[in-house]
Amino acid sequence: MRYAALAILMTAVLICLSSDVRAESSKTLDDQLAAVLKAQGFTGRIEAKFREKLGRPVDQQRADLGRLLWFDIIGGLNDDNTCGGCHSPTNGFGDTQSIAIGVDNNLVVGPGRTGPRNQRRTPLAANTALYPTLMWNSRFASLSGDPFDNGAGFVFPPPEGLSLSYQAHLLVAQAFIPPTERVEVAGFTFPGDNFDIRAEVLRRLNTIDEYRRLFGQVFPEVAGGGPINFDHFGKAIAEFEFTLIFADAPVDRFARGDRHALTEGQKKGALLFFGKAGCVQCHAVSAQSNEMFSDFKQHVIGVPQVSPSVGNLPFDGPGGNEDFGLEQVTGNADDRYMFRTAPLRNAAVMPAFMHNGAFVRLEDAIRHHLDPYASGRGYSPVDLAPDLRGPVGPIEPVLDRLDPLLRSPLSLSDEEFTNLVGFVRNGLLDPRVLPERLKTLVPKRVPSDRPTMKFEFPE
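Everything quoted here is computed from the prediction, not taken from an experiment.

Q: What should I look at first to understand the overall build of the protein in this one?
A: Helix and strand content of the protein: 18 helices and seven strands. Seen along its three principal axes, the alpha-carbon backbone of the protein occupies a region of about 95 × 55 × 45 Å. Put simply, the protein has 459 residues, and 54% of those count as buried. A fraction of 67% describes how many contacts in the protein between residues 6 or more apart in sequence connect residues 24 or more apart. Entry remark: accessible area of the protein is about 19,700 Å², with carbon and sulfur atoms responsible for 56%. Of the side chains in the protein, 47 bear a positive and 55 a negative charge, and the two mean positions are spaced by 4 Å.

Q: For this particular structure, what's the right way to read the pattern of salt bridges?
A: Summed over all chains, the structure comprises 28 salt bridges. One salt bridge in this structure joins Arg450 and Asp79, with 3.0 Å as the shortest N-O distance. With a gap of 371 residues between them, Arg450 in the loop between α18 (435-438) and β7 (454-455) and Asp79 in the loop between α3 (60-71) and α4 (83-86) connect regions that are remote in the sequence. When its relative accessible area of 26% is taken as the criterion, Arg450 is described as partly exposed. In this structure, Arg367 and Asp364 form a salt bridge, with 3.4 Å as the shortest nitrogen-oxygen distance. Linking Arg367 with Asp364, this pair stays in helix α14 (residues 362-370), spanning three residues, or about one helical turn. A residue is classified by how much of its surface remains accessible, and Asp364, at 18% relative accessible area, is buried. Each of the salt bridges in this network shares a partner with another, and the network as a whole consists of Asp79, Glu200, Arg203, Arg204 and Arg450.

Q: I keep staring at the sheet that holds strand β3 (residues 140-142) and nothing clicks. Help me out?
A: Across a sheet, strands are paired by hydrogen bonds formed along the backbone, either parallel or antiparallel in direction. Here we have three strands laid out as an open sheet, ordered β2-β3-β4, and antiparallel in their pairing. Among the strands making up the open sheet, the edge pair consists of β2 (133-134) and β4 (154-155). Pairing geometry for β2 and β3, over two bridges, is antiparallel. Bridged to Leu134 within β3 is Phe140.

Q: How do you make sense of helix α8 (residues 209-218) when you look at a structure like this?
A: Given 3.6 residues to a turn, an α-helix orients residues that are three or four positions apart in the same direction. Turning to α8, its buried residues are Tyr211, Leu214, Phe215, Gly216 and Val218. Taken together, the buried residues of α8 touch α3, α7 (194-206), α9 (220-223) and α10 (230-242).

Q: Got a minute to help me understand empty space enclosed by the protein in this structure?
A: Empty space among the atoms becomes apparent when a probe as large as a water molecule is rolled across them. Under the criterion given, the structure shown has three cavities of 30 Å³ or more. A volume near 90 Å³ is recorded for the largest cavity. Lining the largest cavity, in full, are Arg121, Pro123, Leu124, Tyr131, Trp136, Arg340, Ala342, Pro343, Arg345 and Met350. If you trace the second largest cavity, you find it lined by Phe71, Val442, Pro443, Val446, Thr452, Met453 and Phe455.

Q: So what exactly am I meant to see when it comes to the packing of α3 against α10 here?
A: For the pair α3 and α10, the least separation of the axes is 7 Å and the interaxial angle reads 100°. Here α10 runs roughly perpendicular to α3, going by the angle between their axes. The segment α3 lies against α10, with Arg62, Ala63, Leu65, Gly66, Arg67, Leu69 and Trp70 engaging Phe233, Lys235, Ala236, Ile237, Glu239, Phe240 and Glu241.

Q: Before we go on, may I ask you to explain the side chain of Ser98 in this structure?
A: Note that Ser98 resides in the loop between α4 and β1 (108-109). Judged by its relative accessible area of 9%, Ser98 is buried. At 3.0 Å, the side chain of Ser98 and the backbone oxygen of Gly357 are in polar contact. In this view, Ser98 contacts Arg120, Arg121, Ala352, Asn356, Gly357, Val360, Leu384 and Leu388; residues no more than four positions away in its chain are not counted.

Criteria and thresholds
Residues numbered from 1 in each chain as written. Predicted model: local features only at pLDDT ≥ 70, side-chain atom pairs only at ≥ 80, totals over all residues. Heavy atoms only, no water. Helix = DSSP H or I, 4+ residues; strand = E, 2+ residues; numbered from the N terminus. Buried < 20%, exposed > 50% of the residue type's maximum accessible area, 1.4 Å probe, protein only. Contact = heavy atoms within 4.5 Å. Areas by Shrake-Rupley, 256 points an atom, 1.4 Å probe, with all protein chains shown as cover. Lys, Arg positive; Asp, Glu negative; His and termini not counted. Charge placed at Lys NZ, Arg CZ, Asp CG, Glu CD. Salt bridge = Lys/Arg side-chain N within 4 Å of Asp/Glu carboxyl O. Pairing = 2+ DSSP bridges. 1 Å grid on protein atoms, 1.4 Å probe; cavity = no way out; pocket = protein on both sides within 12 Å on 5 of 7 lines; lining within 4 Å. Points joined across faces, edges and corners; volume = space filled by probe spheres on them. Axes fitted to C-alpha atoms, helices over the stretch in contact; angles between N-to-C directions. Parallel < 35°, antiparallel > 145°, perpendicular 65-115°, else oblique. Polar contact = N/O pair within 3.5 Å; in protein donor to acceptor, adjacent residues only side chain to side chain.

Spelled out as structure tokens, the structure:
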């Protein structure tokens, strides 16, 4: 009995010691990560900062009008697509495809979407109210580096240039552009330029009594008998996007003091992200990044060149199977193959990664960053949709321009890699962006009474 009691006592002592060691190790891990986040300037309070910069509550009535416009094909002169066709609530208001399908689609939004493809993947619209630049080649940008600051101007490709700089926010100005995009929603048959296309969209809206009533509820000049104009349209669309701030992930809650918000593995992954793995060098969280995990700058990261068998746009290069990226905007050959760093928040809901969706698994996208040379040279599009599985474009010219930050392969242990993936997938995920939460935003009918798209939400 005496020996049995002693054994029980010793076991209890060992359990207590082990528990103390684990607690101390956990505290050390917490302290390390808290210090790293502080050094990076990451606060986890970007949502509150957005509300402060907006300077007013979001106008829910205006946002709901923008939501109806988002899903109503009345704004697309090809009569088959609108914002929601590519920025889908099934995927965090991002694409359902590796490369977007715009006009001439089958009115399905999800894996079953078919039609000729564009050139790139549609990025997430969630959190774009905090982005200083938009699009993969940053061709829409606030020159001040702040989407709320129009002092230096908001720049767009011709014919708009700086003409939309009078708007108060980059997203209001940006809303003028999508209805004019031929491959996205406008189609190729309507004659005229951007201004003619917008005029036709407004003509459509102004002939619908329900839209005039809805616009009149939030814009007094319309209520007084004035026409709906594109300033009204842009403000309504942007107001809806202001409701799509989903930036309260476990890493944010940890930064605000909740030490249990991240798992131990995610904490270790975060330390790799901000340290050994070097991810934060481009997926930045400070300054103009607004804690969005992007420096919003252009880099060559050696992405394999994927092009569709049937598309709406010509590709670059002698074989017509390359995407020259930023060079298309600047005309400078030194900018070839450069694309904006993808913001990583809510990456878990994206069905594909990189500007052309070359990778459909987050693990493969991260492995590519660890050794772009091996990944690029060994790439096969076997995981992509059948119309994207053709011969890939040349990779050596891309690798020749690889960003110096990626030229030295990085080796991670299996455990380190698992932890890093876990942090990016789950540590940066705001649960409000999950499809079951966003499903209710799709209207059952739209004011135009036009056909609505069929959204393929996961069961």
